[in-house]
Amino acid sequence: GFYGSNGFCLFNYFIRRRNLGKWLTGSVLLLNLVCVTIIAVSYIIVNISAWKSSALAGENNKALIKRNRTIQRKVAILIATDVLSWVPFIIISTTHFLELLDASSWHSVFSIIILPCNCIINPVMILED
């Protein structure tokens with residue numbers, strides 16, 4: 001079914017070629033991959049710009065530089081966890097679809113552990129002093 005055959009209420013990304021929802025699932029996975037890529041590339045560009053501006057600020061603004069680096073570190077962790085969660089998920093879903101791997105048992109691992117942990121990291125990192 002749309003949400004899989006188990007008790008987890010997560011969209012069923014692990015489908016096979018014969019599944020009627022393959023185009024929808026493929027589109028959602030492709031959209032996730034594009035979004036993760038745009039976020040990662042954008043962060044790299046912003047991070048390079050921030051490092052350059054910090055270097056231009058010089059020694060006079062040590063507190064500002066320290067605060068900016070702390071924020072950059074937090075954002076880097078957020079984006080890294082996003083990439084480390086979604087890229088393997090997309091790869092496993094795709095290899096399952098291409099029938100190179102039977103990833104049926106991975107559905108619960110992603111549903112219960114990996115994707116929820118990725119969601120928890122955002123508020124924890126934002127609230128961290």
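Residues numbered from 1 in each chain as written. Predicted model: local features only at pLDDT ≥ 70, side-chain atom pairs only at ≥ 80, totals over all residues. Heavy atoms only, no water.

(A) Molecular detail of the overall build of the chain. In terms of regular secondary structure, the chain is built from three helices and zero strands. In sequence order, the chain lays out its α and β elements as α-α-α. Residue burial in the chain is summarised as follows: out of 129 residues, 27% are buried. Looking at the chain alone, contacts between residues at least 24 apart form 65% of all its contacts between residues at least 6 apart. For the chain, the exposed surface amounts to about 8600 Å²; the carbon and sulfur share of it is 70%. (Helix = DSSP H or I, 4+ residues; strand = E, 2+ residues; numbered from the N terminus. Buried < 20%, exposed > 50% of the residue type's maximum accessible area, 1.4 Å probe, protein only. Contact = heavy atoms within 4.5 Å. Areas by Shrake-Rupley, 256 points an atom, 1.4 Å probe, with all protein chains shown as cover.)

(B) Region of interest: the nonpolar core. Core analysis: the biggest nonpolar cluster contains eleven residues, these being Tyr13, Phe14, Leu29, Val36, Trp86, Phe89, Ile90, Ile92, Ala103, Phe110 and Leu115. Elements with a contribution of two residues or more to this core: helix 1 (22–57), helix 2 (62–97) and helix 3 (106–127). Ranked by residues supplied to this core, first place goes to helix 2 with four residues. (Core = buried A, V, L, I, M, F, W, Y, C linked by side-chain atoms within 4.5 Å.)

(C) Quick look at helix 2. Between its first and last C-alpha atoms helix 2 spans 52 Å; for 36 residues at 1.5 Å apiece the expected length is 52 Å, and the two agree. Positive phi appears at Glu99, one or two residues downstream of helix 2, with a value of about 60 degrees. (Expected span 1.5 Å × (residues − 1).)

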